[in-house]
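# Descriptive analysis of the structure
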Amino acid sequence: METLVSPSLLAADFLNLQRDIEMINSSDADWLHLDVMDGVFVPNISFGFPVLEAVSKACTKPLDVHLMIVKPERYIKQTAKTGAMMMNVHYEACTHLHRTVEEIHNEGMKAGVTLNPSTPVNMLEDIIKDVDMVLLMSVNPGFGGQKFIQNTIDKVARLRELIARTGSKALIEVDGGVQDETAPLLVNAGVNILVSGSYVFKADNPHEKIKWLKGLKTR
Ligand code: DX5
Ligand code: ZN
């Protein structure tokens, strides 16, 4: 499978959102990654549903929504209303994850489960066949531009094994510190989708960066 790229809007210029979304529209990006933070689950607040709705009107790429909020099940319908393709909820934020995944599917979205860096992949043993994607955090969630946590490479390999062993169809996405050095290692370990914020948006030529990420193949 080719590598998919989901640039994270968190690193865009919020005074020029329309311009930056148009840049994404005209790029090879596959999805647009949107980071919602509540200041409780993570020590930062980003943007919420009014912004998602506005972005959704301007963006021609499928929306990959990453909710860093407590009890994300409260917002399943609202997320669906934005036209989101994928709703990612944190394993650590859901008490009844199976029910939440089911409700996300009932609202017509794909369901992604996200793991913090310290949560082992084997916690997904009994849900892996029900999810469309696992999002591995390669930084502690809350901020863009952080240093990549190297253990993620081994974690991707362990998740690949779990997926193969259970016959799950889940895709693997990684988020945080994805750039020149880390992206090839991730793809080689079996990652399907790369989220990238500052590496793409702070570049002189974001189109080139996106194209380069997309061109990465398993060795
Ligand atoms: C972090 C967010 C990421 C962030 C990644 O909490 O989930 O999506 O935007 O930013 P970079 O690519 O700069 O590490
Ligand atoms: Zn994210």
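The rules we used
- Residues numbered from 1 in each chain as written.
- Chains lettered and ligands numbered in written order.
- Predicted model: local features only at pLDDT ≥ 70, side-chain atom pairs only at ≥ 80, totals over all residues.
- UniProt positions renumbered as here; feature names shortened; annotations may be inferred.
- Helix = DSSP H or I, 4+ residues; strand = E, 2+ residues; numbered from the N terminus.
- Buried ≥ 20, exposed ≤ 12 C-beta atoms within 10 Å, placed from the backbone.
- Contact = placed C-beta atoms within 7 Å.
- Near = placed C-beta within 6 Å.
- Nonpolar A, V, L, I, M, F, W, Y, C, P; charged D, E, K, R; others polar.
- Core = buried A, V, L, I, M, F, W, Y, C linked by C-beta atoms within 7 Å.
- pLDDT = per-residue confidence, 0-100.
- Pairing = 2+ DSSP bridges.
- Arc of directions from axis to C-beta.
- Axes fitted to C-alpha atoms, helices over the stretch in contact; angles between N-to-C directions.

The name given to the protein chain in an unreviewed UniProt entry is Ribulose-phosphate 3-epimerase, and the organism recorded there is Xylanibacter caecicola. For the record of the protein chain, the UniProt heading Function (unreviewed entry) holds the text "Catalyzes the reversible epimerization of D-ribulose 5-phosphate to D-xylulose 5-phosphate."

Glancing now at the UniProt feature "active site" (unreviewed entry) in the protein chain. Residues annotated in UniProt with the feature "active site" (unreviewed entry) correspond here to Asp35 and Asp175. Sequence-wise these annotated residues cover 141 residues; spatially they are packed, their C-alpha atoms never more than 10.5 Å apart. Position of Asp35 among the secondary structure elements: in strand β2 (residues 32-37). By C-beta crowding, Asp35 is classed as buried, having 25 other C-beta atoms within 10 Å. Every residue in contact with Asp35, bar those within four places of it in the chain, is listed here: Ser8, Leu10, Ser46, His66 and Met68. Tracing the chain through its elements places Asp175 in strand β7 (residues 171-175). Excluding its chain neighbours within four sequence positions, the residues that come into contact with Asp175 are His66, Leu135, Met137, Ser138 and Val195.

With that settled, consider the UniProt feature "binding site: substrate" (unreviewed entry) in the protein chain. The positions UniProt marks with the feature "binding site: substrate" (unreviewed entry) are Ser8, His66, Gly142, Phe143, Gly144, Gly145, Asp175, Gly176, Gly177, Gly197 and Ser198. Within the fold, Ser8 resides in the loop between β1 (4-7) and α1 (17-25). When sequence neighbours within four positions are dropped, the list of residues in contact with Ser8 reads His33, Asp35, Gly144, Val195, Ser196 and Gly197. With respect to the helices and strands, Gly197 occurs in the loop between β8 (193-196) and α7 (198-201). With 24 C-beta atoms packed within 10 Å, Gly197 lands in the buried category. Setting aside anything within four residues of it in sequence, one finds Gly197 in contact with Ser8, Leu10, Ala11 and Gly144.

Before going further, it helps to spend a moment on the site of ligand 1. Surveying the vicinity of ligand 1 reveals 22 residues, the closest of which are Ser8, Leu10, Gly144, Gly197 and Ser198. Mapped onto the shell around ligand 1, the elements with two or more residues apiece are β2, β8 and α7. For the shell around ligand 1, a count of residues per class yields eight nonpolar, twelve polar and two charged.

Turning our attention to the nonpolar core. Across soluble globular proteins, you tend to see nonpolar side chains buried next to one another. Counting residues in each nonpolar core, the largest one holds 65 residues, and the members touching the most others are Val65, Met87, Val134, Leu136, Val174 and Leu194. Looking at which element gives the most residues to this core, the answer is strand β6 (residues 133-137), with five residues. Ignoring any residue separated from it by four or fewer positions in sequence, one finds Val174 in contact with Leu136, Ser138, Thr152, Val156, Leu186, Val191, Leu194 and Val195.

Backbone geometry places Lys71, a non-glycine residue, at a positive phi of 45 degrees. Relative to the elements of secondary structure, Lys71 occurs in the loop between β3 (63-68) and α3 (76-81).

Taken over all residues, the pLDDT of the protein chain has a mean of 98, while the share at 70 or more is 100%. Predicted complex metrics record ipTM = 0.98 and pTM = 0.98.

Let's shift gears to the pairing of strand β5 (residues 110-115). The buried count for β5 comes to five of six residues, which makes it a mostly enclosed element. Sheet topology places strand β4 (residues 86-90) next to β5; five bridges connect them, and they run parallel. Bridged to Asn88 within β5 is Gly112. As judged from the four bridges shared by β5 and β6, these two strands associate in the parallel manner. Within the sheet, the bridge partner assigned to Thr114 lies in β6 and is Leu135.

A word on helix α6 (residues 182-189). Those residues of α6 that sit buried are Thr182, Ala183, Leu186 and Val187. Down the axis of α6, the buried side of the element spans an arc of 130 degrees, and every buried residue falls inside it. Immediately downstream of α6, the backbone of Gly190 shows phi near 115 degrees, a positive value.

With parallel pairing, the eight strands of this open sheet are ordered in space as β1-β8-β7-β6-β5-β4-β3-β2. Every other strand in the sheet has two partners, leaving β1 and β2 as the edge strands with one partner each. Strand-to-strand twist in this sheet, taken as the mean axis angle between neighbours without regard to direction, amounts to 25 degrees. Examined bridge by bridge, β1 and β8 share four bridges and lie parallel to one another.

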